[in-house]
Amino acid sequence: MANSKISKVALVSTQDRKSGVTSSIQALGMNPVKNRNVLIKPNFNTADDTPGSTHNDTLVALIEEVWQMGAKSIRLGERSYPLTREVMDQKGVVPILEKLEVDIVDFDYLAEKDWVKVDADGSHWHDGFRVARPILESECLISTCCLKTHQFGGVFTLSLKNHVGVVPTSRHGFNYMSELHASPHQRKLIAEINAPFKPDLVVLDGIEAFVDGGPAHGTRANGNVFIASADRVAIDAVGVAILKSLGSNSDIMNTKIFDQEQISRAVDLGLGAASPAEIDLIPADDSSLEYCDRIVEILNIG
C-alpha cells in the first residue's frame, strides 16, 4: 500500500488539555495553518458541560497553538441547536475570543445566499442540503470535537457528526434537521454532510467521554486522551475504538468499527481511511505508548 494512503492519527495520553492540544498537533509533524486564514468549527451544539460541548480550555489551547503556528487570522464559526449567540454567552467564550483576537462568525446571521445548496450525487438527502459558505470557502478549516455517544440515532458524535453544525435549521427557513432526525438513513446523511468540504486538521478532546447517552448528557467515563489528524474518518474510527476500550453501549460494542454507518458511508464517499490498515496511530510521547498499543489492538479487531 502506498504511503500516501496512510492517515496519521496522533494520540497523547493526558489529563491536561493544553498539553493534549499541543502534543497531539505537534506529533503529526504538519503545519496547515501557516500564513493562512483559519476557521475553527467547535462543538457548541449546546452549552452543556464537556463532553456536551468543547471545553473552553481546549478552545483556548487550540487558538494559542494555531497563532503560534503562524496563522494569518483566526475566526470561529458555528451554528448551535439553540440560538448560537446564547450558547456562546452561556459558555462565556465571547470575551475569551475577543482577548485572543478571534472573530466570531455566527451562522445564524448568514444571508440565505450564504447557505450554499449542495446536490450530492447518490445522496440519501431528499433534495440535497445546504452548507454555510464560510465552511466551503475557508482557506484552512480546523474542527475540534468531543468523545461521546449519541442516543438520538447517530450512535456516536465525533468529527463527522460535529459538522452537522454547518447545515441550517428551521429557524433559518430550512427543514434539514427535521429530515435528518426522521430519516432511517440518519447516519448516512451525517457522513454525506461532510462531502463538500475537507478539514485541514481535526482535534478530539477525549479527557472526558460519554459512553452512553449523549450528546448533551450521558454516562461519563475518563478517557484521558487527545487525538489529532487531518483525516476525519480516521479520527472517528480511532474515537470509536477508544469508546470500546472504555466500555460503551451495545451499539458501539457490538458493531465493527468500519461497519458503523457513519464511517462506512464516509468511506464510500472517499472521505478518509477505508480500513485499520490505512491508519497509522502514533503515540505523541513515551508515556502514551501503552494507551496507543491498546487502541491499535481494538482498531484492528474492529
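Above this text is the structure in question.
Residues numbered from 1 in each chain as written. Predicted model: local features only at pLDDT ≥ 70, side-chain atom pairs only at ≥ 80, totals over all residues. Heavy atoms only, no water.

### Concerning the overall build of the chain
To be explicit about the condition: Starting at the N terminus, helices and strands are each numbered in turn, a helix being any DSSP run of H or I of at least four residues and a strand any DSSP run of E of at least two. Each radius of gyration reported is based on C-alpha atoms, and the globular scaling rule is 2.2 Å times the count of residues to the power 0.38. Using a 1.4 Å probe on the protein chains alone, a residue whose accessible area is under 20% of its type maximum counts as buried, one over 50% counts as exposed, and one in between counts as partly exposed. We call two residues in contact whenever any of their non-hydrogen atoms come within 4.5 Å of each other. Using a 1.4 Å probe, accessible areas were evaluated by the Shrake-Rupley method; residue-level cover was limited to the displayed protein chains. The charged-residue count follows a simple rule in which Lys and Arg add positive charge and Asp and Glu add negative charge, with His and chain termini not counted at all. To locate a charge, take NZ of a lysine, CZ of an arginine, CG of an aspartate or CD of a glutamate.
The number of helices and strands found in the chain is twelve helices and twelve strands. Rg of the C-alpha trace for the chain: 18 Å, near the compact-globule value of 19 Å for 302 residues, within the 12% margin. Judged by the C-alpha coordinates and their principal axes, the chain covers about 50 × 45 × 40 Å. Counting every position in the chain, which comprises 302 residues, the buried fraction comes to 57%. Excluding contacts between residues fewer than 6 apart, the proportion of contacts in the chain whose partners are at least 24 apart in sequence is 75%. Approximately 12100 Å² of the chain is accessible, and the part contributed by carbon and sulfur atoms is 45%. For the chain, the distance from the average position of its 29 positive side-chain charges to the average position of its 40 negative side-chain charges is 3 Å.

### Quick notes on the environment of His-163
Spelled out, the test is: In protein, a polar contact means a hydrogen-donor-capable atom and an acceptor-capable atom, both N or O and within 3.5 Å, with residues adjacent in sequence counting only if both atoms are side-chain atoms; elsewhere, any N or O pair within 3.5 Å suffices.
Residue placement: His-163 occurs in the loop between α6 (159-162) and α7 (176-182). If we skip the residues at most four places from it in the chain, His-163 touches Lys-41, Ser-143, Ile-193, Asn-194, Phe-197, Pro-199 and Arg-232. Within polar-contact distance, the side chain of His-163 engages the backbone oxygen of Ser-159 at 3.2 Å.

### A few points about unusual backbone geometry
In this structure, Pro-51 follows Thr-50 across a cis peptide bond, with omega equal to 10°. Assignment of secondary structure puts Pro-51 in the loop between β2 (37-41) and α2 (56-68). A cis amide bond links Gly-214 with the next residue in sequence, Pro-215, at an omega value of 10°. Relative to the elements of secondary structure, Pro-215 occurs in the loop between β9 (201-213) and β10 (218-222). Phi is positive for Glu-101, close to 60°, though the residue is something other than glycine. Checked against the element boundaries, Glu-101 lands in the loop between α4 (93-99) and β4 (103-106). Looking at Glu-101, the relative accessible area reads 63%, which means it is exposed. For Val-155, which is not glycine, the phi dihedral falls at a positive 75°.

### Section: the packing of helix α8 (residues 186-193) against helix α11 (residues 261-268)
In helix packing, the relevant descriptors are the interaxial angle and the interaxial distance, both defined with respect to the helix axes. We apply this condition: Here an axis means a line fitted to C-alpha atoms, over the contact stretch when the element is a helix, while the angle between two N-to-C directions is reported on a 0 to 180 degree scale. Angle categories: roughly parallel below 35 degrees, roughly antiparallel above 145, roughly perpendicular from 65 to 115, and oblique for all the rest. For any pair of crossing helices, the crossing counts as left-handed if the nearer helix is rotated counterclockwise from the farther one by less than a right angle, and right-handed if it is rotated clockwise.
One can describe the packing of α8 onto α11 by two numbers: an axis separation of 8 Å at closest approach and a directional angle of 45°. Classified by the interaxial angle, the pair formed by α8 and α11 is oblique. With respect to the hand of their crossing, α8 and α11 are arranged in right-handed fashion. Counted together, Arg-187, Lys-188, Ile-190, Ala-191 and Glu-192 of α8 and Glu-261, Gln-262, Arg-265 and Ala-266 of α11 form the full contact between these two elements.

### Details of the packing of helix α9 (residues 232-246) against α11
Here is the rule we go by: Charged means Asp, Glu, Lys or Arg here, nonpolar means Ala, Val, Leu, Ile, Met, Phe, Trp, Tyr, Cys or Pro, and polar covers whatever is left, Gly included.
Axis separation between α9 and α11 bottoms out at 10 Å; the angle between their running directions is 155°. Here α9 is positioned roughly antiparallel relative to α11, judged by the angle of their axes. In this structure, α9 crosses over α11, and the sense of that crossing is left-handed. Of the residues in α11, those touching α9 at Val-233, Asp-236, Ala-237 and Val-240 are Gln-262, Ile-263, Ala-266 and Val-267. A breakdown of the residues in the contact of α9 with α11 according to their chemical character gives six nonpolar, one polar and one charged.

### Re the environment of Gly-70
Note that Gly-70 resides in the loop between α2 and β3 (73-78). Through-space distance from the C-alpha of Gly-70 to that of Asn-35 is 5.9 Å; in sequence the pair is 35 residues apart.

### Concerning the pattern of salt bridges
The line we're drawing: Here a salt bridge means any side-chain nitrogen of Lys or Arg lying within 4 Å of a carboxyl oxygen belonging to Asp or Glu.
Following the criterion strictly, the structure yields 16 salt bridges and no others. In this structure, the salt-bridge partner of Glu-64 is Lys-18, at a minimum N-O distance of 3.2 Å. Placement of Glu-64 in helix α2 and of Lys-18 in helix α1 (residues 17-28) is noted, with a sequence separation of 46 residues between them. Judged by its relative accessible area of 34%, Glu-64 is partly exposed. By relative accessible area, Lys-18 is classed as partly exposed at 45%. One salt bridge connects Glu-208 with Arg-220, and the closest N-O pair in it is separated by 3.2 Å. In this pair, Glu-208 sits in strand β9 while Arg-220 sits in strand β10, placing the two residues twelve residues apart along the sequence. Using a relative accessible area of 43% as the deciding quantity, one classes Arg-220 as partly exposed. Overlapping salt bridges bring together Arg-17, Asp-205, Glu-208 and Arg-220 as one network.

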